[in-house]
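Architecture and fold: a report
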Amino acid sequence: MALWKDPSMKDPASPDAAAAPAEPVVRAVDRPSVSSVAPAPAEPARRPPASGAAKESLIAADVTIDGKIEGAGHVRIAGRFKGDVNVQGNVTIEQGAHVNGQVNAATVIVSGEVEGNINASARVELLETGVINGDVKAAVLTVAAGSRMRGQADFGWTDQGPTKK
């Protein structure tokens with residue numbers, strides 16, 4: 001049974017159709033070559049990060065790591081990490097996270113707990129739920145009400161002396 005109506009085929013109800021048996025019609029079908037067919041994407045296309053934007057690594061809340069972090073990107077810690085963190089980007093310690101070691105970064109945001117010294121080239125933000133048990137050295141230090149810190153804070157100084165506006 002044909003799925004399309006072929007003008008060369010005769011209607012079986014017509015009187016001429018009974019006299020002569022219909023011959024099958026074979027036609028060439030244009031098919032695209034395999035190389036011209038694009039495969040369907042497995043997942044939605046992702047936009048590349050904006051130029052100059054650093055990527056962020058995440059230590060999830062249910063993960064515990066003992067080691068060392070070094071790199072140029074940003075790091076977000078939501079779990080437990082024991083060791084030193086040395087990055088050129090930003091470090092964010094989420095609420096409920098625990099870091100036991102030295103933290104060196106451009107900006108450090110603490111809403112979890114840090115046991116160790118923090119050295120930030122730009123700023124340290126100690127948020128409401130944050131706890132620091134160690135010394136802090138940064139150009140700018142922001143401390144929210146309700147946060148806790150035990151240690152020394154050295155901020156507002158550069159290599160040449162105090163920062164001026």
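Below is a short write-up of the structure. (Residues numbered from 1 in each chain as written. Predicted model: local features only at pLDDT ≥ 70, side-chain atom pairs only at ≥ 80, totals over all residues. Heavy atoms only, no water.)

A tally of regular secondary structure across the protein chain gives 1 helix and 17 strands. Split into buried and exposed, the 165 residues of the protein chain put 26% on the buried side. Across the protein chain, every contact between residues at least 6 apart in sequence was considered, and the portion connecting residues at least 24 apart equals 0%. On the protein chain, roughly 12200 Å² of surface is accessible, and the fraction owed to carbon and sulfur atoms is 53%. (Helix = DSSP H or I, 4+ residues; strand = E, 2+ residues; numbered from the N terminus. Buried < 20%, exposed > 50% of the residue type's maximum accessible area, 1.4 Å probe, protein only. Contact = heavy atoms within 4.5 Å. Areas by Shrake-Rupley, 256 points an atom, 1.4 Å probe, with all protein chains shown as cover.)

Here the focus is the pattern of salt bridges. A side chain with one charge can pair with a side chain of the opposite charge if their charged atoms come near. Enumeration over the complete set of coordinates arrives at 4 salt bridges. Measuring nitrogen to oxygen at the nearest pair gives 3.1 Å for the salt bridge that ties E70 to K68. This pair shows no difference in class: E70 is exposed, exactly as K68 is. Of the charged contacts in the structure, one is a salt bridge between E94 and R76, with a shortest N-O distance of 2.3 Å. With E94 in the loop between β7 (90–93) and β8 (98–100) and R76 in strand β4 (residues 74–77), the pair connects residues that are 18 residues apart, well separated along the chain. Looking at E94, the relative accessible area reads 24%, which means it is partly exposed. R76 sits in the partly exposed class, given a relative accessible area of 27%. Overlapping salt bridges bring together E56, R76 and E94 as one network. (Salt bridge = Lys/Arg side-chain N within 4 Å of Asp/Glu carboxyl O.)

Relative to β7, β4 is paired through 3 bridges, and the arrangement is parallel. From the neighbouring strand, R76 faces β7, where its bridge partner is T92. As defined by bridge partners, β7 adjoins strand β9 (residues 103–110) across 4 bridges and the pair is classed as parallel. Directly across from T92, in β9, lies its bridge partner I109. (Pairing = 2+ DSSP bridges.)

A few words now on the environment of A106. Tracing the sequence through the fold places A106 in strand β9. Here the alpha-carbon distance between A106 and Q88, two residues 18 residues apart in the chain, equals 5.8 Å. If we ignore the near neighbours within four places in the chain, the residues touching A106 are V87, Q88, G89, N90, A120, S121, A122 and R123.

On to the nonpolar core. By size, the foremost hydrophobic cluster in this structure holds 24 residues, and its most contacted members are V108 and I118. Ignoring sequence-local partners within four residues, the contact set of I118 consists of V103, V108, V110, V124, I132, D135, V136 and K137. (Core = buried A, V, L, I, M, F, W, Y, C linked by side-chain atoms within 4.5 Å.)

Take the side chain of S147 next. If you trace the backbone, S147 turns up in the loop between β13 (136–143) and β14 (148–150). Overall, S147 belongs to the buried group, its relative accessible area being 18%. In terms of polar contacts, S147 uses its side chain to reach the backbone carbonyl oxygen of A144, at 2.6 Å. For S147, the residues in contact, after removing those within four places along its chain, are L126, L127, E128 and G130. (Polar contact = N/O pair within 3.5 Å; in protein donor to acceptor, adjacent residues only side chain to side chain.)

Moving on to the environment of V108. Looking at where V108 falls in the secondary structure, it is placed in strand β9. With relative accessibility at 0%, the residue V108 sits in the buried group. For the pair V108 and R76, spaced 32 residues apart in the sequence, the C-alpha separation amounts to 10.0 Å. Not counting residues up to four positions away in its chain, the partners in contact with V108 are V91, I93, V103, I118, A120, R123, V124 and E125.

What follows covers the side chain of S111. Following the sequence through the fold, S111 ends up in the loop between β9 and β10 (113–115). At 3.0 Å, the side chain of S111 forms a polar contact with the backbone nitrogen of Q95. What S111 contacts, discounting residues up to four positions off in sequence, is I93, E94, Q95, G96, L127, T129 and G130.

That is the geometry; function is a separate question.
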